[in-house]
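# Summary of the model geometry
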Amino acid sequence: MDNIKIIVFLCNWGPHAAFQTMQENHDQIPPEVKMVRIPCIGRISKALLFKAFEMGADGVALVGCQSGGCRYGSGTVNGEINTADTREIIELLGLGKERMRLATFLPDQVEKLHNFLTSFSLDIKQMGPSPILPDAPFKAHSLSFEKISGILTKYNAYGCQDCGKCTSACPLALSGKTYSPRLLVNAIIGGELESEAVKQDIWSCLTCGLCYQICPSDVNFPAFIGDLRAEIFYADNSERHQAHGGFFQSLMRSMTTPALKPQTYQSIPEDVEIDQKSDTLFFGGCGPYFDVFFQNHYRVNSSSIIHDGLRLLNFFDIKPGIMEHERCCGHDLLWTGDHRNFLKLARLNVEAVKRRGIKELITACPECYRTIAYDYPKYGIDVDFKVTHLYEILENEIDKGAVAFKTLDQKITYQDACRLNSSPEIKDLPGKLLSRIKARDFAEENIHQQTSVCCGNCAWTGCDAFSKALQVKKLRQARGTGSRLLITSCPKCQVHLRCAMEDPLLGPELIMEITDLTNLIAKTIYWE
């Protein structure tokens, strides 16, 4: 077990004083322990804690001051919260929560600190090395005009007519941000890709596709941005634009380890029926990770979408199987430029589906649907099974008749999902399903339009004040309809909009109930 690696984040105050005494006393410190001195454990986020595991740590400990002794007031409390959440996440990931520990000490508790380090080291040795394989380093390359020119040609960017229609439709531009797809294209054609302002705009794009749908020259701007991000990512390995400290990208890169066995289906409700011999598979997505990461904020419950999706399939006598060790589809790696790890994840997913002999994969997540149905084949992954969005099944089954809905005594409104809009065969389904719901009233402003405005963030990147302005505007519009119930079709829309509701100044005028369309149908559907 000489290769065991343990990272200990050590608070600069009480615990560090105890550690210095240990050194002065020549107390033996387990050789596998690497101390990282920090100002306060409250500054070590969930992203940083998990990053240690992604980079190859077999165990991680957060060592701080005892409750009430923190020099910064809330450091110990924040450390407790972040440790508890990270333990839940690595448990879901299949690492085992005991690889993450929190301990607190006073300056004179030298023996107690020594005993903790020794016992934690022994525990990690007994558990053995973490199955996560750190991402192999890659050699950064410089941006070449030839590659950039090829991307410009591939997506017809040279055909830009400079008409400005893209800017007039862009949610970011409408939010007040100095941003324009056409100006960005012109700047790149003009050789300004190395400019920090241009790079910033490349990462700011929401890739929602409104500009593409309105462009008279058919410039596929979102796909163009996606390929540019890949070039920039591998040129300078920049992760600074990722939200939440890059936690979700770290999580997905960790999932590219073949030996890892995620446990995301630990808590399937008893009333849900699955059949592991079925050739139909339900693919849930990352909802359980969202729920843990945001459980102290926003009232997020993305797992309920997965559970109600399964209940609706059962309602129509479909008992699908589930992936025992389901991984993320890789959507966020793809759209933040990490194509290498996206392809690793895609291959692992497809291989696992094929081993099961699956003929049809069903998902309720628009990003999972878009990624597996469209992007896997686009990047050379052979998907020889049918990919179906849950809404397709619901619409087909409900259309057969004998199904009714309980009356919903509320006025409702709807927030569309960008990845549904970019999938032509299913983009009209939310409107059709909503038209079947018996609500007291329904604000239809988004349903019969070709597009609706993005919730303000994509792939956990580019989140800023303008993203928040978009979310505030969206919630004000929703409340302006007189509705207090907003229906969504994407778990991330819920996360972002609930985040805006926590604004300390604007919160009271933004707060409204949010539920997913899958949850709403499951709540109201019945056999006549």
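The model shown is predicted, which means the values in this text are computed figures rather than measured ones.

Here we come to the nonpolar core. In a soluble, globular protein the nonpolar side chains are often hidden away together inside. Counting residues in each nonpolar core, the largest one holds 107 residues, and the members touching the most others are Leu-93, Phe-248, Leu-251, Phe-294, Tyr-376, Leu-394 and Ile-521. Sorting elements by how many residues they give to this core places helix H16 (residues 339-355) first, with seven residues. Leu-394 has contacts with Leu-312, Phe-316, Leu-433 and Ile-521, leaving out every residue within four places of it along the chain.

The next subject is helix H12 (residues 247-254). Within H12, eight of the eight residues are buried, leaving the element largely enclosed by the surrounding structure. Taken together, the buried residues of H12 touch helix H2 (46-54), helix H3 (75-92), helix H13 (287-293), helix H15 (331-335) and H16.

Now for the environment of Asn-457. With respect to the helices, strands and loops of the structure, Asn-457 is situated in the loop between strand E11 (439-442) and helix H21 (465-480). Here Trp-460 takes part through its backbone nitrogen, which lies 3.4 Å from a polar atom of the side chain of Asn-457. Only 3.3 Å separates the side chain of Asn-457 from the backbone oxygen of Thr-461, close enough to count as a polar contact.

Tallied over the entire structure, the rule returns 21 aromatic pairs. Ring centres 5.0 Å apart and planes at 80° place the aromatic pair Phe-293 and Phe-294 in the edge-to-face group. The ring centre of Phe-293 lies 4.4 Å from the NZ or CZ of Lys-46, which sits over that ring. The ring centre of Trp-335 lies 4.5 Å from the NZ or CZ of Arg-419, which sits over that ring.

According to the stated counting rule, one finds seven cavities of 30 Å³ or more in the structure shown. By volume, the largest cavity amounts to about 180 Å³. Every residue lining the largest cavity is counted, 20 residues in all, and those nearest its centre are Gly-285, Cys-286, Phe-290, Cys-365 and Pro-491. Those elements that place two or more of their residues in the lining of the largest cavity are H13, helix H14 (303-315), H15, helix H17 (366-378) and helix H22 (491-501).

Once that is clear, we can look at the sheet that holds strand E3 (residues 59-65). Read from one edge to the other, the open sheet built from four strands follows the order E2-E1-E3-E4, with strand pairing classed as parallel. Here the strands that pair on one side only, and so sit at the sheet edges, are strand E2 (33-38) and strand E4 (100-105). On average, adjacent strands in this sheet sit at an angle of 20° to one another, irrespective of strand direction. Looking at chain direction, E3 and E4 are connected through six bridges and run parallel. Within the sheet, the bridge partner assigned to Val-60 lies in E4 and is Met-100. Along the sheet, helix H1 (residues 14-24) contacts strand E1 (6-11), E2, E3 and E4; its crossing angle with E1, the most-contacted strand, is approximately 115°. Across the sheet, helix H4 (residues 110-127) touches E1, E2, E3 and E4, and the angle it forms with E4 is around 170°.

What follows deals with the side chain of Asp-332. One can find Asp-332 in helix H15. Residue class for Asp-332 comes out buried when judged on its relative accessible area of 2%. One polar contact links Asp-332 to Trp-460, side chain to side chain, over a distance of 3.1 Å. In contact with Asp-332, other than residues within four places in its own chain, are Gln-249, Met-252, Glu-367, Ala-459, Trp-460 and Lys-492.

Under the domain assignment, the chain is made up of domain 1 (6-127), domain 2 (145-235), domain 3 (244-395) and domain 4 (398-527). The gap between the C-alpha centroids of domain 1 and domain 4 is 42 Å.

Of the two faces of strand E5 (residues 280-283), both are covered, the one formed by Thr-280 and Phe-282 as well as the one formed by Leu-281 and Phe-283. For E5 and strand E7 (residues 360-363), the ladder comprises four bridges, and the chain directions are parallel. Paired with Leu-281 across the bridge in E7 is Leu-361. In this structure, E5 lies alongside strand E6 (residues 321-322), joined through two bridges in parallel fashion. Looking across to E6, one finds that Leu-281 is bridged to Gly-321.

With that settled, the discussion passes to the packing of helix H8 (residues 181-189) against helix H9 (residues 196-204). Where H8 contacts H9, the axes come no closer than 11 Å and their chain directions differ by 135°. In terms of orientation, H8 lies oblique with respect to H9. In terms of crossing hand, the pair formed by H8 and H9 is left-handed. Contact with H8, carried on its side by Leu-184, Ala-187 and Ile-188, involves Val-198, Asp-201 and Ile-202 of H9 and no other residues of that element. Among the residues making up the contact of H8 with H9, the classes are represented as five nonpolar, no polar and one charged.

On to the pattern of salt bridges. It is possible for side chains of opposite charge to pair when their charged atoms get near one another. Taken as a whole, this structure holds 26 salt bridges when the rule is applied. Of the charged contacts, one joins Asp-279 and Lys-359 as a salt bridge, the two residues approaching to 3.8 Å between their closest N and O atoms. One end of the pair, Asp-279, is in the loop between H12 and E5; the other, Lys-359, is in the loop between H16 and E7, with 80 residues separating them in the sequence. Owing to a relative accessible area of 59%, Lys-359 belongs among the exposed residues under this scheme.

What counts, and at which threshold
- Residues numbered from 1 in each chain as written.
- Predicted model: local features only at pLDDT ≥ 70, side-chain atom pairs only at ≥ 80, totals over all residues.
- Heavy atoms only, no water.
- Core = buried A, V, L, I, M, F, W, Y, C linked by side-chain atoms within 4.5 Å.
- Buried < 20%, exposed > 50% of the residue type's maximum accessible area, 1.4 Å probe, protein only.
- Helix = DSSP H or I, 4+ residues; strand = E, 2+ residues; numbered from the N terminus.
- Contact = heavy atoms within 4.5 Å.
- Polar contact = N/O pair within 3.5 Å; in protein donor to acceptor, adjacent residues only side chain to side chain.
- Phe/Tyr/Trp six-rings, centres within 6.5 Å; stacked < 30°, edge-to-face > 60°.
- Lys NZ or Arg CZ within 6 Å of the ring centre and 35° of its normal.
- 1 Å grid on protein atoms, 1.4 Å probe; cavity = no way out; pocket = protein on both sides within 12 Å on 5 of 7 lines; lining within 4 Å.
- Points joined across faces, edges and corners; volume = space filled by probe spheres on them.
- Pairing = 2+ DSSP bridges.
- Axes fitted to C-alpha atoms, helices over the stretch in contact; angles between N-to-C directions.
- Domains from an automatic or database assignment.
- Parallel < 35°, antiparallel > 145°, perpendicular 65-115°, else oblique.
- Left-handed = near helix turned anticlockwise from the far one by under 90°.
- Nonpolar A, V, L, I, M, F, W, Y, C, P; charged D, E, K, R; others polar.
- Salt bridge = Lys/Arg side-chain N within 4 Å of Asp/Glu carboxyl O.

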